[in-house]
Amino acid sequence: MKSFTIEEINTILGGELVGSTTLKITGPEQLDKAEPHHISFIGSTKYIKYWNNSKASAAIVNENLTVDLEENRALIKVKNADLAMAKLLEVFNPQPPVFDHEIHPTAIIHDSAIIGKGCKIGAGCYIGKDVVLAEGVILYPNVTIMDETTIGSHTIVWSGTVIRERTEIGAYCIFHTNVSIGADGFGYRPSEDGRGLVKIPQIGNVIIGNGVEIGANSCVDRGKFSSTIIGDGCKIDNLVQIAHNCELGRSCIMAGHSGLAGSVTLGDGVIIGGSASIKDHTTIHSGATIGAGSGVMGDVEAGKTMLGYPATESREMLKQWVALRKLAKQ
Amino acid sequence: MKSFTIEEINTILGGELVGSTTLKITGPEQLDKAEPHHISFIGSTKYIKYWNNSKASAAIVNENLTVDLEENRALIKVKNADLAMAKLLEVFNPQPPVFDHEIHPTAIIHDSAIIGKGCKIGAGCYIGKDVVLAEGVILYPNVTIMDETTIGSHTIVWSGTVIRERTEIGAYCIFHTNVSIGADGFGYRPSEDGRGLVKIPQIGNVIIGNGVEIGANSCVDRGKFSSTIIGDGCKIDNLVQIAHNCELGRSCIMAGHSGLAGSVTLGDGVIIGGSASIKDHTTIHSGATIGAGSGVMGDVEAGKTMLGYPATESREMLKQWVALRKLAKQ
Amino acid sequence: MKSFTIEEINTILGGELVGSTTLKITGPEQLDKAEPHHISFIGSTKYIKYWNNSKASAAIVNENLTVDLEENRALIKVKNADLAMAKLLEVFNPQPPVFDHEIHPTAIIHDSAIIGKGCKIGAGCYIGKDVVLAEGVILYPNVTIMDETTIGSHTIVWSGTVIRERTEIGAYCIFHTNVSIGADGFGYRPSEDGRGLVKIPQIGNVIIGNGVEIGANSCVDRGKFSSTIIGDGCKIDNLVQIAHNCELGRSCIMAGHSGLAGSVTLGDGVIIGGSASIKDHTTIHSGATIGAGSGVMGDVEAGKTMLGYPATESREMLKQWVALRKLAKQ
């Protein structure tokens, strides 16, 4: 377990140290759960009473707050407590799971695959024909990478994830556990006798930029033809569905359980709230925000905030909700 | 296949046997699908006509119902047909999948891992550094348990499930197939150039109590710091999302496709309906019920039933729905 | 990479060739992304301007459209561009991932399992006791098939999918990645001390017809007793939940994130939109359509289109939405 003196932590965070403690700090903890070896946070005045009752020896505090200080307790005053916390988490980030072998002997790697310098490949992984892994790619145990897929440097793939054939993935991406990349899009046509459905082949692929993170059990389908595209820096949460031929710009955010139907286009910096759904063939322009639980049925202009089902400009939707509440009381 | 005489079944259920049948009973079946070797259920008067047309030789019936009985057919009258059915399912519960080896030779188990007495570990499983499995833990094939995770006695983990490092799991839990425990929480901060997002390290873990069941393809994320906590006896259905730093009390129920955003607190005995979503940092107090499909945007008092989007006390929401229906007809 | 002359493609599609190109065609592409070796589509007049600016050497066009044609460019005029495109995708469908061994030596196959002629079984697969695979079944790497399951001829199972014990699967099905078939249904009863929940054994199974396709990370639970049934030709998208004892007729469609609670019955040809949810024990009769995002709380008549939450006949729901919008403006 890592531990630091309060002076060391203060140096890292570049704050102002008030008071002092002789205890070594082993990690961050919430005020009400902290033990003496923890450092905690006082983000606003309402947390000051928790600090007074907390066992924590130290806390990070916004510099505008006034907080009492007993003996052997210390405060680190900072301008931006959120940023300081992010730095603190980097300091205490524990070691990730170890690899006893760089490439585990039970991993099955096709002869034609090219494995970059410093790659780590866990037990039970499968690497198909003509796969290319750049430098420093990490595949945890039981990952499946299928034929002709290419993965950029330092990308991490967690266990249970399956990446189908011909996917193109950038550098510094993270795929969490049990993700499905490149499954067939959902496309059928009526059979000629009119009594059933015939599968339309899905011959496209998935292209994922650099610095993309995709959450556990999420799915990105391949294009019917051409590609489904996830732009650089997009962050996708758990259990998200991205259907065939969607195109996401840079740094979009999609929260848990949200979904895009086929051929949806997102501009740059679009934010999709949890459990929100977007109709097929619509475009959400750059900087738009879709509220949690919304159902979007048409294009959304740049920078707009949409809410509800069917989704409407958010202030308009709030008015509708108020109007309905009043109506029910008459 | 197991089979019992009707007298044996009656003894197990502690009911009152009326009529008799010489056929051996091989299992329960619905009235309309039953063959003569099945036992069925007559839960209310509306099922009596199905009994008259059913091939079943026997049925469990609530003792207050009056049902005709032909030759070589039998009824078991009970006080509580639901409870009797649960007992009957235990009686006919078939053998689970077999293990030809207690620990399969293809399982990869780190030297430092501690494996309790009577554990069964299937083919293709991976057990990381310093993992501890208590007595009688069962891991079906192709399970991944990462470093420093501890699992309590008699917990069962089905195939495809991945449990990330430093998770703490109690006794008698069940993890269904393709579950993801301990993936990183979804947390980013704006990059300093304002043009992208920087990942905030997620250094916490997941703590799961005793007797917890988690459905197929569900996800529980690790805490940003500190822990995501699932209390004793919670029952989580399939495709459920539980984000970082949520805390569930005892015996909560979450139905399929429901989700909790970050830092949601559930009291004891909270029920979350299918596809319902709960906003981050809210508290749903003990005994509250959230209707299916609801979107909860604020704290919910103990014992309240909430419905709709945005979720409102259920009678109020029903009034809103009625009012809107009337308005549309004007 | 496959390539064809424009004359060869015209013969396959049975169209009328206008103009000609000497370039070999390597695949379909959208007009705005096409290179000279691509064939594209002109589905309606609004795409004609894109054709004029496109690098594509060829396009499929509905025969009623009038399109300009430069030198070394060709058009294939067809009656039904959608059908022609489906045929074209079949023509260019690339080779699926290769198997270097028909049955990979690392696959663990129980001695009692019966493996049909021409089956392919990838690395890391697990096949349990008494499993039966008919002719030509394909299991990609890291698939788990548990005891007594039977799979019909030419069914394909992609990596990460787990099929629990005693499942019965037809011919020509496709299971995408990380699918969960046959996990326990979600059923509990109050414990006798009233302080918790006791699991009700889930002793039924799952029966899946012929020609069924199930999307990535979707779940079909086993019956409590008796079976959960998916009829011939059903097409299920990604992240779909089908709970215990549901029964789907022929050729139903369920889009991404949709879900059926326990014991829901769908007739034939029912369409469930994305993220829609259906209450337990309801029946959606043949030919009904449930709009995306809807929450259905009662039976639906044959052929009806339902929309909204709570779901109502769609024209009625559209009226409610209009009425509410007007009310908010007063």
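In this text, all values refer to a predicted model and were calculated from it rather than measured experimentally. (Residues numbered from 1 in each chain as written. Chains lettered and ligands numbered in written order. Predicted model: local features only at pLDDT ≥ 70, side-chain atom pairs only at ≥ 80, totals over all residues. Heavy atoms only, no water.)

Thoughts on the interface of chain A and chain B
Turning to step 1, where the next piece is worked out: Taken together, the contact pairs 57 residues of chain A with 54 residues of chain B.
Turning to step 2, where the next piece is worked out: Here chain A is connected to chain B by 2 salt bridges.
Turning to step 3, where the next piece is worked out: A salt bridge links Lys-199 of chain B to Glu-213 of chain A, with the nearest nitrogen and oxygen atoms 2.7 Å apart.
Turning to step 4, where the next piece is worked out: The tally of links between chain A and chain B comes to 21 residue pairs in polar contact (both at pLDDT 80 or more).
Turning to step 5, where the next piece is worked out: Of all the secondary structure elements, the ones that give two or more residues to the side of chain A that touches chain B are helix H3 (81-92), strand E25 (235-236), strand E28 (253-254) and helix H4 (314-329) of chain A.
Turning to step 6, where the next piece is worked out: Grouping the constituent residues of the side of chain A that touches chain B by class yields 28 nonpolar, 19 polar and 10 charged. (Contact = heavy atoms within 4.5 Å. Salt bridge = Lys/Arg side-chain N within 4 Å of Asp/Glu carboxyl O. Polar contact = N/O pair within 3.5 Å; in protein donor to acceptor, adjacent residues only side chain to side chain. Helix = DSSP H or I, 4+ residues; strand = E, 2+ residues; numbered from the N terminus. Nonpolar A, V, L, I, M, F, W, Y, C, P; charged D, E, K, R; others polar.)

Section: the sheet that holds strand E23 (residues 219-221) of chain C
All names here are of chain C.
Turning to step 1, where the next piece is worked out: Read from one edge to the other, the open sheet built from 10 strands follows the order E6-E9-E12-E15-E18-E23-E26-E29-E32-E35, with strand pairing classed as parallel. Strands with a single pairing partner mark the edges of an open sheet, and in this sheet they are strand E6 (108-109) and strand E35 (295-296).
Turning to step 2, where the next piece is worked out: Pairing of strand E9 (residues 126-127) with strand E12 (residues 144-145) involves 2 bridges; the strand directions are parallel. Within the sheet, the bridge partner assigned to Ile-127 lies in E12 and is Ile-145. (Pairing = 2+ DSSP bridges.)

So, the relation of the copies chain A and chain C
Turning to step 1, where the next piece is worked out: Superposing chain A onto chain C requires a rotation of 120° together with a translation of 0.0 Å along the rotation axis, leaving an RMSD of 0.1 Å. The transformation just described matches what one would write down for a three-fold rotation axis.
Turning to step 2, where the next piece is worked out: Of all interface residues in chain A, a mere 15% are interface residues in chain C too; the two copies therefore contact each other through different surfaces. (Least-squares fit on C-alpha atoms with pLDDT ≥ 70 in both.)

A short note on the relation of the copies chain A and chain B
Turning to step 1, where the next piece is worked out: Laying chain A over chain B is done by rotating through 120° and shifting 0.0 Å along the axis; what remains is an RMSD of 0.1 Å.
Turning to step 2, where the next piece is worked out: When the interface residues of chain A are mapped onto chain B, a mere 14% of them again lie at the interface, so each copy presents a different face.

Some words on the UniProt feature "active site" (unreviewed entry) in chain A
All names here are of chain A.
Turning to step 1, where the next piece is worked out: Mapped onto this numbering, the UniProt entry annotates "active site" (unreviewed entry) at His-244.
Turning to step 2, where the next piece is worked out: As for its placement among the helices and strands, His-244 is situated in the loop between strand E26 (241-242) and strand E27 (247-248).
Turning to step 3, where the next piece is worked out: Here His-244 falls in the buried class, since its relative accessible area comes to 16%.
Turning to step 4, where the next piece is worked out: Beyond its immediate chain neighbours, meaning those up to four positions away, His-244 contacts Gly-185, Phe-186, Gln-202, Asp-221, Arg-222, Gly-223, Lys-224, Thr-228, Gly-262 and Ser-263. (UniProt positions renumbered as here; feature names shortened; annotations may be inferred. Buried < 20%, exposed > 50% of the residue type's maximum accessible area, 1.4 Å probe, protein only.)

As for helix H1 (residues 6-13) of chain C
Residues and elements named next belong to chain C.
Turning to step 1, where the next piece is worked out: What H1 keeps buried is the set Ile-6, Ile-9, Asn-10 and Leu-13. Down the axis of H1, the buried set is contained in an arc of 100°. They therefore lie on one face.
Turning to step 2, where the next piece is worked out: Packing partners of the buried residues in H1 comprise strand E1 (16-19), strand E3 (38-42), strand E4 (58-62), strand E5 (74-78) and helix H3 (81-92).
Turning to step 3, where the next piece is worked out: In the stretch just after H1, Gly-14 is the one whose phi turns positive, near 65°. (Arc of directions from axis to C-beta.)

Some words on the interface of chain A and chain C
Turning to step 1, where the next piece is worked out: Listed per partner, the contact involves 54 residues of chain A and 57 residues of chain C.
Turning to step 2, where the next piece is worked out: Across the chain A/chain C interface, buried area totals approximately 4500 Å², and carbon plus sulfur atoms make up 62% of it.
Turning to step 3, where the next piece is worked out: It is Phe-186, Phe-225 and Tyr-309 of chain A that lose the most area in chain A upon contact with chain C, and together they represent 15% of the buried surface on that side.
Turning to step 4, where the next piece is worked out: With a closest N to O distance of 2.4 Å, Lys-33 of chain C and Glu-247 of chain A form a salt bridge.
Turning to step 5, where the next piece is worked out: Between chain A and chain C we count 21 residue pairs in polar contact (both at pLDDT 80 or more) in total.
Turning to step 6, where the next piece is worked out: The set of elements that each furnish at least two residues to the side of chain A that touches chain C consists of strand E18 (180-183), strand E19 (188-190), strand E20 (197-199), strand E23 (219-221) and H4 of chain A. (Buried area = accessible area lost by both parts, 1.4 Å probe.)

Quick word on the pairing of strand E21 (residues 205-208) of chain B
Turning to step 1, where the next piece is worked out: In this structure, strand E16 (residues 168-169) of chain B lies alongside E21 of chain B, joined through 2 bridges in parallel fashion. Within E21 of chain B, the position partnered with Glu-168 of chain B by the bridge is Ile-207 of chain B.

Observations concerning unusual backbone geometry
Turning to step 1, where the next piece is worked out: Across the junction of Tyr-309 of chain B and Pro-310 of chain B, the peptide omega takes the value 0°, indicating a cis bond.
Turning to step 2, where the next piece is worked out: Considering the arrangement of structural elements, one finds Pro-310 of chain B in the loop between strand E36 (305-307) and strand E37 (312-313).
Turning to step 3, where the next piece is worked out: A positive phi angle is found at Tyr-172 of chain A, which is not glycine, with a value near 55°.
Turning to step 4, where the next piece is worked out: Structurally, the position occupied by Tyr-172 of chain A is in the loop between strand E16 (168-169) and strand E17 (174-175).
Turning to step 5, where the next piece is worked out: The class for Tyr-172 of chain A is exposed, based on a relative accessible area of 55%.

Digging into the environment of Arg-73 of chain A
Residues and elements named next belong to chain A.
Turning to step 1, where the next piece is worked out: Within the secondary structure layout, Arg-73 lies in the loop between strand E4 (58-62) and strand E5 (74-78).
Turning to step 2, where the next piece is worked out: Not counting chain neighbours up to four residues away, the residues in contact with Arg-73 comprise Val-18, Gly-19, Ser-20, Thr-21, Trp-51, Asn-52, Ser-54, Lys-55, Ala-56 and Ser-57.
Turning to step 3, where the next piece is worked out: Within the local environment of Arg-73, its side chain forms a polar contact with the backbone oxygen of Ala-56, the two atoms lying 2.9 Å apart.

Structural notes on the state of the cysteines
Turning to step 1, where the next piece is worked out: Across all of its chains, the model carries 0 disulfides over all chains by this definition.
Turning to step 2, where the next piece is worked out: Take Cys-234 of chain A: it sits in no disulfide, and the sulfur closest to it among the cysteines is that of Cys-252 of chain A, at 4.3 Å.
Turning to step 3, where the next piece is worked out: On the basis of relative accessible area, Cys-234 of chain A is assigned to the buried category, the value being 0%.
Turning to step 4, where the next piece is worked out: Counting only cysteine sulfurs, Cys-252 of chain C is the nearest neighbor of Cys-246 of chain C, a cysteine outside any disulfide, at a range of 11 Å.
Turning to step 5, where the next piece is worked out: The class for Cys-246 of chain C is buried, based on a relative accessible area of 0%. (Disulfide = S-S within 2.5 Å.)

Quick notes on the sheet that holds strand E25 (residues 235-236) of chain C
All names here are of chain C.
Turning to step 1, where the next piece is worked out: The strand order across the open sheet built from 11 strands is E8-E11-E14-E17-E22-E25-E28-E31-E34-E36-E37, with neighbouring strands paired in mixed fashion. The open sheet is flanked by strand E8 (120-121) and strand E37 (312-313), the only strands paired with a single partner.
Turning to step 2, where the next piece is worked out: Summarising the sheet, strand E14 (residues 156-157) and strand E17 (residues 174-175) pair through 2 bridges and their orientation is parallel. Within the sheet, the bridge partner assigned to Ile-156 lies in E17 and is Ile-174.

Notes on the environment of Ala-243 of chain B
Residue and element names in this part refer to chain B.
Turning to step 1, where the next piece is worked out: Relative to the elements of secondary structure, Ala-243 occurs in the loop between strand E26 (241-242) and strand E27 (247-248).
Turning to step 2, where the next piece is worked out: Residue class for Ala-243 comes out buried when judged on its relative accessible area of 7%.
Turning to step 3, where the next piece is worked out: As a C-alpha pair, Ala-243 and Gly-182 span 61 residues in sequence and 9.7 Å in three-dimensional space.

Topic: the pattern of salt bridges
In a structure, side chains of opposite charge can pair up when their charged atoms sit close to one another.
Turning to step 1, where the next piece is worked out: Under the counting rule described, the total for this entry stands at 31 salt bridges over all chains.
Turning to step 2, where the next piece is worked out: As a salt-bridge pair, Arg-315 of chain B and Glu-313 of chain B come within 3.6 Å of each other at their nearest N and O atoms.
Turning to step 3, where the next piece is worked out: A residue is classified by how much of its surface remains accessible, and Arg-315 of chain B, at 60% relative accessible area, is exposed.
Turning to step 4, where the next piece is worked out: By relative accessible area, which is 23% here, Glu-313 of chain B ends up partly exposed.
Turning to step 5, where the next piece is worked out: Here the residues in one salt-bridge network are Arg-164, Glu-165, Asp-184, Lys-199 and Arg-222 of chain A together with Glu-213 of chain C, joined through shared partners.

Re the packing of aromatic side chains
Turning to step 1, where the next piece is worked out: Enumeration according to the criterion identifies 21 aromatic pairs over all chains in this entry.
Turning to step 2, where the next piece is worked out: For the pair Tyr-47 of chain A and Tyr-50 of chain A, a centre-to-centre distance of 6.0 Å together with 40° between the ring planes defines the contact as tilted.
Turning to step 3, where the next piece is worked out: The class for Tyr-50 of chain A is partly exposed, based on a relative accessible area of 40%.
Turning to step 4, where the next piece is worked out: Ring geometry for Phe-41 of chain B versus Phe-225 of chain C: centroids 5.4 Å apart, planes at 50°, classification tilted. (Phe/Tyr/Trp six-rings, centres within 6.5 Å; stacked < 30°, edge-to-face > 60°.)

As for the side chain of Asn-217 of chain A
Turning to step 1, where the next piece is worked out: When you line up the elements, Asn-217 of chain A lands in the loop between strand E22 (213-214) and E23.
Turning to step 2, where the next piece is worked out: Polar contacts involving the side chain of Asn-217 of chain A include one to the main-chain carbonyl oxygen of Asn-178 of chain B, which spans 3.1 Å.
Turning to step 3, where the next piece is worked out: Each residue touching Asn-217 of chain A, except ones within four places of it in the same chain, is listed here: Thr-177, Asn-178, Val-179 and Leu-239 of chain A, Asn-178, Ser-180, Asn-217 and Cys-219 of chain B together with Asn-217 and Leu-239 of chain C.

A word on the pairing of E18 of chain A
Residue and element names in this part refer to chain A.
Turning to step 1, where the next piece is worked out: Note: strand E15 (residues 162-163) against E18, 2 bridges, orientation parallel. Pairing of Val-162 across the sheet is with Ser-180, part of E18.
Turning to step 2, where the next piece is worked out: The sheet contact formed by E18 and E23 spans 3 bridges and is parallel. Looking at the pairing, Ser-180 lines up with Cys-219 of E23.

Focus: the side chain of Ser-40 of chain A
All names here are of chain A.
Turning to step 1, where the next piece is worked out: Mapped onto the fold, Ser-40 is located in strand E3 (residues 38-42).
Turning to step 2, where the next piece is worked out: With a relative accessible area of 1%, Ser-40 lands in the buried category.
Turning to step 3, where the next piece is worked out: Residues within four places of Ser-40 in sequence aside, it is in contact with Glu-29, Gln-30, Leu-31, Ala-56, Ala-58, Ala-59 and Ile-60.

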